[in-house]
Structures are given as structure tokens and as C-alpha cells.
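Observations on the model geometry
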There are 2 protein chains.
Amino acid sequence: MDVDRGAPSARPRMVDVARVAGVSQKSVSNVLGGYEPVSPELRAKVERAVALLGYVPNSAARTLRTGRTGVIALAVPNLWSPYFAELASHLTDAADERGLTILIDETHGDEDREALIARRLRHHEIDGLVLSPLAMDPASIAAAARSIPMVLLGERELPASVDHVVIDNVAAAREATEHLLELGRRRIATVGAPLDDGTSTGSLRLHGYRAAMAAAGLSDEGMIVRTRHLQRQQGVEAAAQLLAAPRTPDAVFCFNDMLAIGVMHALRLRGVRVPDDVAVVGFDDVAEAAYANPTLTSVHLDRQRIARAALDILVGRLDGSRAQGAGRTVIEHRLVVRESTGGRPDGSRH
Amino acid sequence: MDVDRGAPSARPRMVDVARVAGVSQKSVSNVLGGYEPVSPELRAKVERAVALLGYVPNSAARTLRTGRTGVIALAVPNLWSPYFAELASHLTDAADERGLTILIDETHGDEDREALIARRLRHHEIDGLVLSPLAMDPASIAAAARSIPMVLLGERELPASVDHVVIDNVAAAREATEHLLELGRRRIATVGAPLDDGTSTGSLRLHGYRAAMAAAGLSDEGMIVRTRHLQRQQGVEAAAQLLAAPRTPDAVFCFNDMLAIGVMHALRLRGVRVPDDVAVVGFDDVAEAAYANPTLTSVHLDRQRIARAALDILVGRLDGSRAQGAGRTVIEHRLVVRESTGGRPDGSRH
């Protein structure tokens with residue numbers, strides 16, 4: 001949450017070079033930047049310190065030494081979404097600690113862009129790719145993964161031949177729905193299912209919701225709002241639709257936190273109380289959830305662990321310690337119960 | 001706010017090539033990807049369509065033709081912050097329309113990283129740089145800008161020799177404070193001033209706040225909370241500090257929306273009503289502001305216009321139509337009055 005680096009870096013930095021060389025950071029910068037005139041004495045001091053520390057100022061140096069660029073691309077649908085922005089930030093931190101650089105691409109969930117990035121775009125500039133695919137079909141992904149080391153950030157069903165990091169979406173959605181059932185809610189709606197049931201994240205979450213409802217002997221008729229997007233505004237629209245129906249819900253399970261924030265906003269403006277009249281659960285546990293009013297119960301995904309797992313797999317592929325398609329890494333999830341379902345503001349347990 | 005592309009693209013896409021070639025997108029992808037066996041007939045069809053449309057599938061093709069990479073780097077302190085994430089997304093959209101690629105770097109507001117990125121890192125891979133500097137001193141920035149086309153995203157006082165896109169921070173902060181004065185508030189606190197008064201964005205905003213208070217004949221003694229960071233948690237801590245003081249505020253002007261969200265959260269948990277007891281104003285108008293409870297009054301910055309202005313300047317530099325250091329572009333701001341200062345939920349005027 002800070003501008004500061006979250007974790008200490010093992011990689012020597014310019015300040016270390018300056019200290020060892022006994023010169024100012026500005027002098028180091030002048031020598032390494034190559035754009036200012038510097039004395040031979042200063043250059044020698046700095047170059048000795050650089051060699052001593054193994055300081056790597058840029059990717060070009062690495063490329064010359066190793067034939068690699070030291071650059072990993074991350075392709076996510078968008079950075080508007082706090083989920084992907086937080087994930088990108090964690091991946092950048094993890095890469096930084098290893099002296100790698102992350103290059104971020106936005107795909108807009110567009111099949112053309114995903115395919116270009118996965119299959120060819122900038123392959124000469126990158127060593128590997130972390131892809132969060134929304135639109136590409138599994139066969140195309142598998143074909144692309146034969147040309148570059150690739151890790152998929154799952155959340156959907158993905159080709160088994162490609163490494164991927166996932167969470168158990170079916171179980172997580174089922175647990176979220178069961179939490180609402182345990183509160184005594186019976187008219188539990190769900191918001192964010194995809195327009196067509198396929199192999200997407202949303203389909204898996206819908207499956208988990210339906211399994212919980214069926215096990216409780218409850219009908220989900222009229223309780224499923226499908227949305228094309230998963231942003232706050234779609235949550236507002238979904239709430240309006242649910243409140244206009246003959247059988248209004250007493251709880252809503254949303255497929256992400258943005259939808260849940262939108263649902264709570266719309267309920268509030270209509271005078272519907274959360275959680276008294278309608279309990280609300282989100283998914284992802286982005287930072288905003290803990291500061292919402294009421295604070296939002298959500299399925300917490302550990303983005304830092306997801307980012308590190310993806311990078312570990314790629315680095316293993318690059319250093320030869322890991323074969324392609326070694327499989328699926330499942331990151332644990334947990335439900336954080338806050339005010340929107342009757343818990344404490346900070347999500348601590350009673 | 002959507003996964004969809006926000007604006008239509010003038011650049012031909014894979015789907016256009018497929019239509020003109022009379023083949024499937026998958027076939028186009030196979031031909032251009034170069035990883036699948038394709039028939040000579042198919043290849044000829046696709047290559048004719050590519051030539052006809054002027055379709056540019058990747059940066060390598062452009063580099064061969066123009067000696068340019070078609071890549072612009074954007075260096076921002078962090079993507080955790082919705083302000084920078086939204087800005088990055090707008091810049092990517094604007095670049096996309098011009099067939100350019102944005103490469104995103106996180107600097108963590110770290111002087112070393114800013115200097116490396118500004119002065120040398122990946123200059124062989126990029127045509128230009130959009131930099132939002134937090135820590136670098138003006139002289140270093142000016143020196144770096146002599147080596148690569150650069151636009152600064154201001155908000156601080158920056159070297160006049162380097163192009164920069166700014167908003168009028170002093171005026172914006174003054175207007176926000178005057179809005180609170182017009183509501184009859186007199187004990188107006190401010191949260192987010194930097195630890196040291198220099199040329200930073202925060203210093204400019206503090207100047208605007210103080211000017212408004214002085215003009216109203218009011219004291220700001222004990223009313224200024226300085227913070228090292230500008231995230232929600234610092235807002236929580238600032239509110240606790242203000243409420244513990246002998247003279248508690250009846251309004252708080254925060255230097256960004258994250259701080260304001262944190263302040264409102266802490267006030268709510270202590271039973272202080274917003275806006276009745278304490279009115280709150282933020283800055284940036286990120287998406288979250290319009291969905292907060294109460295919805296947050298904020299200084300709206302048009303990130304789309306900021307992104308487009310920065311890109312226009314860089315492209316002008318690259319195509320030779322614009323000289324370096326042509327100066328400062330000021331983007332307008334406006335105060336959006338919502339519930340946290342007694343306005344309507346959606347910020348519309350009465």
C-alpha cells in the first residue's frame with residue numbers, strides 16, 4: 001500500500017555502489033548513465049565497485065552476458081481493476097528481488113491482443129510470459145506456450161500442458177454461499193456469472209454457488225444475474241434488476257469486489273440496509289473491501305503468493321530446473337468475514 | 001471501467017486482416033505467428049491483406065522499417081494507487097490508437113530507480129519516456145531529458161526545460177478549502193502534506209490550503225497532518241490524531257482520495273458523522289470516490305486528457321513537429337461536490 005518497497009531487495013543498488021566507491025550517487029549515475037563527462041579516476045572507482053558488488057544496471061548488460069533479456073512480460077486484461085493492478089505490483093516487487101524487469105501489457109480481454117502477445121509480440125525482447133487469459137481458447141494457448149516459457153494465471157480451466165497458478169474457484173464460491181446460508185439467508189442471489197457457461201472463472205464460481213444452493217435444497221431461479229463486465233457500475237445495474245423482481249434477495253454473492261461495491265452503493269441509495277436486509281459477499285479481497293462502508297466480506301486471494309508462484313515457475317523453466325507443463329499450482333483462499341455479513345469491521349473473528 | 005476497449009482504434013487489427021483475406025482469425029494468427037505449418041496459398045492471402053491494410057503485428061516490424069521501436073515507457077511510483085493505475089490504463093489506450101506500445105515501470109518513488117529509468121535503463125528499447133517523478137531532483141531530470149524524448153507528469157515544480165503536463169495544484173487546493181469555508185466550516189484540517197516543504201505536489205497543495213485559510217483570517221495551527229505516504233491507512237492514522245487533539249476539526253481536506261477514504265473510515269468507526277460533524281474532501285477523483293459511503297467530494301483530474309497530452313507531446317517530438325522543452329501543458333481540474341460535503345450522491349448540481 002506504500003510507495004516504499006514492500007520487501008528488502010537482495011540486489012545491489014546504486015546507493016550501494018556509491019558507498020563502496022566512496023563517491024556520491026550522482027557520480028555513480030553520471031558514470032553509468034554515460035551521458036555526462038566524467039574523470040577517468042571517477043570512472044575507475046565506480047567500475048571497481050560495480051564489479052565488486054555484481055551490480056547490474058540494466059538489461060542490456062545482462063543480455064550481453066547471458067543471452068537473456070531479464071525481462072518477463074505480464075499480460076493482464078486491464079489495470080483499472082484493482083485486482084490486476086495489485087497483482088502487477090506484487091509481480092514487479094518479486095521480479096525486482098531477482099533482478100528481473102516486468103513489462104506490463106494490457107490485453108483488454110481481447111482475443112486478438114492476447115494472441116499477439118502470447119504468440120509473437122516482443123518475443124525477441126522477453127524471456128518469459130505471465131498471461132492472464134480471458135478470451136483465448138485453450139488450444140491456442142497451448143500452441144503459443146510451445147514457443148516461449150509461459151505461466152498462466154488461472155482462475156479458469158486451462159490447458160493441462162501449460163503451467164498455471166490457480167485458486168479453487170468452485171470451492172471458494174461454494175464456501176461464500178454456504179456462509180450466507182449459515183446466516184439463515186435463503187433468497188441468495190449471485191451477480192457476475194458470464195453470459196455463456198464455458199470454462200471461465202465465472203462459470204466455475206457459478207458452479208460453486210449452485211452446488212451450495214442445491215445442497216441446501218434451495219432454488220436459484222431468478223437469482224442469477226449475468227453480466228458482461230465485472231465493474232462497479234454492473235453491480236449497480238444488477239442490484240436494480242434484483243430489487244425490481246417479484247422475489248427480492250436477502251443476500252447477494254458477487255463474483256468480485258467491484259460488483260459488490262456497486263451492489264452496496266445501489267442498495268444504500270434505495271434505502272436497503274446491508275447486512276440487515278441484504279447481506280453482501282465479494283470476491284478477491286482488494287484493498288478497497290476493508291475500507292468500504294460497511295466493510296465488505298470477501299474471498300481473500302493472496303496476490304503476493306500468486307505472483308511469487310508464477311515467477312518461481314518461470315525462473316525454474318529458464319534455469320532448467322523445471323520442465324514445461326509441470327502442472328497446476330493451487331494457491332489457498334479464505335473467506336474474510338466483515339460487516340457486510342454481520343462480522344466485525346476489521347474482519348477479525350469473535 | 002470495462003475490460004472492453006474504451007475507444008475505437010484507427011489501427012487495423014487481426015480481425016480486419018481476417019475479413020479482408022477471407023480466412024479465419026486463427027489462420028491469420030498461424031501465418032503471422034510463424035509457429036504453425038501453413039499452406040503457401042493461405043500465406044499469400046494473409047500477406048496480401050496485411051499489405052493492403054498496413055497491419056503492423058509487432059514492434060520488430062516497425063523497428064526494421066523506421067529505426068524506432070514503437071515503445072514508450074511509462075514510469076510511475078506504483079500501481080497500487082488507483083490514480084496511477086487509471087493513468088497507465090488511459091495511456092495504454094491512447095498509445096494503442098496510434099499503434100504504439102506502452103511499457104510500464106514502477107519506480108516505488110525511489111530515486112535510484114527513477115534515475116536508472118530516466119537516464120539509461122532500456123533506452124535501446126524505447127523511443128520515449130513518460131515519467132512521474134517523486135524523488136529525482138530537477139537538475140538530474142533535466143540532464144536525463146537531454147538523452148531521450150521525455151515528458152514529465154507534473155504535479156510538482158519541474159525543470160522548465162523539460163516538457164511537462166501538470167494541473168494547477170495551488171489553485172485546486174485553494175478551491176477545495178474555499179468550498180469547505182463556504183459551507184461555514186472554520187476548523188479545517190488538512191491531511192497529506194509532505195514531511196518537508198519543497199517543490200513537491202504536496203507542498204503546492206499545502207500552499208493552496210494555507211492561502212485559503214489566511215484569506216479567511218483563520219489559523220491552521222494544529223490543523224496540518226503531515227504523512228510520509230498517501231494511502232488509506234495513513235488517512236486512518238491522521239483521523240485518530242486529529243480527533244485526539246484539543247481542537248478537533250469540522251472539516252478535512254485530504255491531498256488524495258485514498259487518504260480521504262481512510263479518514264472517513266476512521267471517523268465512522270468512532271461514531272463521527274460525515275458530513276454533519278466533519279466534512280471531507282479528497283483529491284484526484286478516482287473511481288472509488290463515486291462509490292464511497294458517503295460518496296466523496298473530490299478534485300477531479302482528467303486522467304484521459306493528461307495521458308493524451310503527454311503522448312501528443314512525445315509523438316510531436318518523435319515526428320519532429322515539436323522542439324524539446326516547448327513547455328508546460330496545464331490540464332484543467334474541477335471540484336466534484338458529493339455527499340461528504342453535503343452534495344448529491346452522484347455529484348450533480350442542485
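Structural data are supplied above this passage.
My aim in this report is to walk through the structure given alongside it, one point at a time.

Cut-offs applied
Residues numbered from 1 in each chain as written. Chains lettered and ligands numbered in written order. Predicted model: local features only at pLDDT ≥ 70, side-chain atom pairs only at ≥ 80, totals over all residues. Heavy atoms only, no water. Buried < 20%, exposed > 50% of the residue type's maximum accessible area, 1.4 Å probe, protein only. Helix = DSSP H or I, 4+ residues; strand = E, 2+ residues; numbered from the N terminus. Pairing = 2+ DSSP bridges. Right-handed = clockwise from strand over helix to strand, strands pointing away. Phe/Tyr/Trp six-rings, centres within 6.5 Å; stacked < 30°, edge-to-face > 60°. Lys NZ or Arg CZ within 6 Å of the ring centre and 35° of its normal. Core = buried A, V, L, I, M, F, W, Y, C linked by side-chain atoms within 4.5 Å. Contact = heavy atoms within 4.5 Å. Axes fitted to C-alpha atoms, helices over the stretch in contact; angles between N-to-C directions. Parallel < 35°, antiparallel > 145°, perpendicular 65-115°, else oblique. Left-handed = near helix turned anticlockwise from the far one by under 90°. Nonpolar A, V, L, I, M, F, W, Y, C, P; charged D, E, K, R; others polar.

Here we take up the pairing of strand β1 (residues 71-76) of chain A. Residue and element names in this part refer to chain A. Of all six residues in β1, six are buried, a share of seventy percent or more. Covered by surrounding structure in β1 are Val71, Ala73 and Ala75 together with Ile72, Leu74 and Val76, the residues of both alternating faces. Pairing between β1 and strand β2 (residues 101-106): six bridges, direction parallel. Bridge assignment links Ile72 to a residue of β2, and that residue is Ile102. With respect to chirality, the unit in which β1 leads through helix α5 (residues 82-97) into the neighbouring parallel β2 is right-handed. In this sheet, strand β3 (residues 128-131) lies alongside β1 in parallel orientation, the contact comprising four bridges. Within β3, the residue paired with Ala75 across the bridge is Leu131.

Another aspect to go through is the packing of aromatic side chains. Residue and element names in this part refer to chain A. Taken as a whole and assessed by the stated rule, the structure comprises six aromatic pairs over all chains. Where Tyr83 meets Phe84, the ring centres are 5.2 Å apart and the plane angle is 80 degrees; that geometry is what we call edge-to-face. Of the two residues, Tyr83 and Phe84, neither departs from the other in class, the shared state being buried. Look at Phe253 and Phe283: their rings are 6.4 Å apart centre to centre, the planes differ by 45 degrees, and that puts the pair in the tilted class. Remark: Phe283 occurs in strand β9 (residues 279-284) and Phe253 occurs in strand β8 (residues 251-254); sequence separation between them is 30 residues. Here Phe253 falls in the buried class, since its relative accessible area comes to 0%. When its relative accessible area of 0% is taken as the criterion, Phe283 is described as buried. Ring pairs connect the aromatic residues Phe253, Phe255 and Phe283, which therefore count as one cluster. A cation over a ring is seen here: Arg205 above Phe283, with NZ or CZ 3.5 Å from the ring centre.

Attention shifts here to the nonpolar core. By size, the foremost hydrophobic cluster in this structure holds 153 residues, and its most contacted members are A:Val280 and B:Val280. Those residues within four positions of B:Val280 in sequence are excluded, and the remaining contacts are B:Val252, B:Cys254, B:Ala260, B:Val263, B:Met264, B:Leu267, B:Val274, B:Leu296, B:Thr297, B:Ser340 and B:Thr341. A:Leu131, B:Leu103, B:Ala142 and B:Leu152 belong to the second-largest nonpolar core, a separate cluster that totals 34 residues.

Turning our eyes to something else, we now look at the sheet that holds strand β4 (residues 150-153) of chain B. Adjacent strands of a sheet form backbone hydrogen bonds with each other and so pair up, either parallel or antiparallel. All names here are of chain B. Spatially, the six strands line up as an open sheet ordered β2-β1-β3-β4-β5-β11, and their pairing is parallel. Each edge of the open sheet carries a strand with a single partner, namely β2 (101-106) and β11 (328-330). Taken over all neighbouring pairs, the strand axes of this sheet differ in orientation by 20 degrees on average, direction set aside. Of the strand pairs in this sheet, strand β3 (residues 128-131) and β4 are connected by three bridges, and their pairing is parallel. Considered in β4, the bridge of Leu129 is made with Met150. Most of the contacts of helix α5 (residues 82-97) go to β2, to which it runs at about 160 degrees, and overall it touches β1 (71-76), β2, β3 and β4.

This brings us to the packing of α5(A) against helix α12 (residues 303-318) of chain A. Residue and element names in this part refer to chain A. Running from amino to carboxyl end, α5 crosses α12 at an angle of 50 degrees, the nearest separation of the two axes being 8 Å. Classified by the angle their axes make, α5 and α12 are oblique. Here α5 runs over α12; the crossing is right-handed. Judged by residue contacts, Tyr83, Glu86, Leu87, His90, Leu91, Ala94, Ala95 and Glu97 of α5 engage Arg303, Gln304, Ile306, Ala307, Arg308 and Leu311 from α12. Looking at the contact of α5 with α12 residue by residue, the class counts come to eight nonpolar, two polar and four charged.

Residue and element names in this part refer to chain B. Pairing is mixed across the open sheet formed by six strands, whose spatial order is β7-β6-β8-β9-β10-β12. The open sheet has two edge strands with one neighbour each: β7 (224-226) and β12 (333-336). Strand-to-strand, the axes of this sheet are offset by a mean angle of 15 degrees, without reference to chain direction. By the bridge criterion, four bridges tie strand β10 (residues 297-301) to β12 in an arrangement that is antiparallel. Looking at β12, one finds that Ser298 is bridged to Val336.

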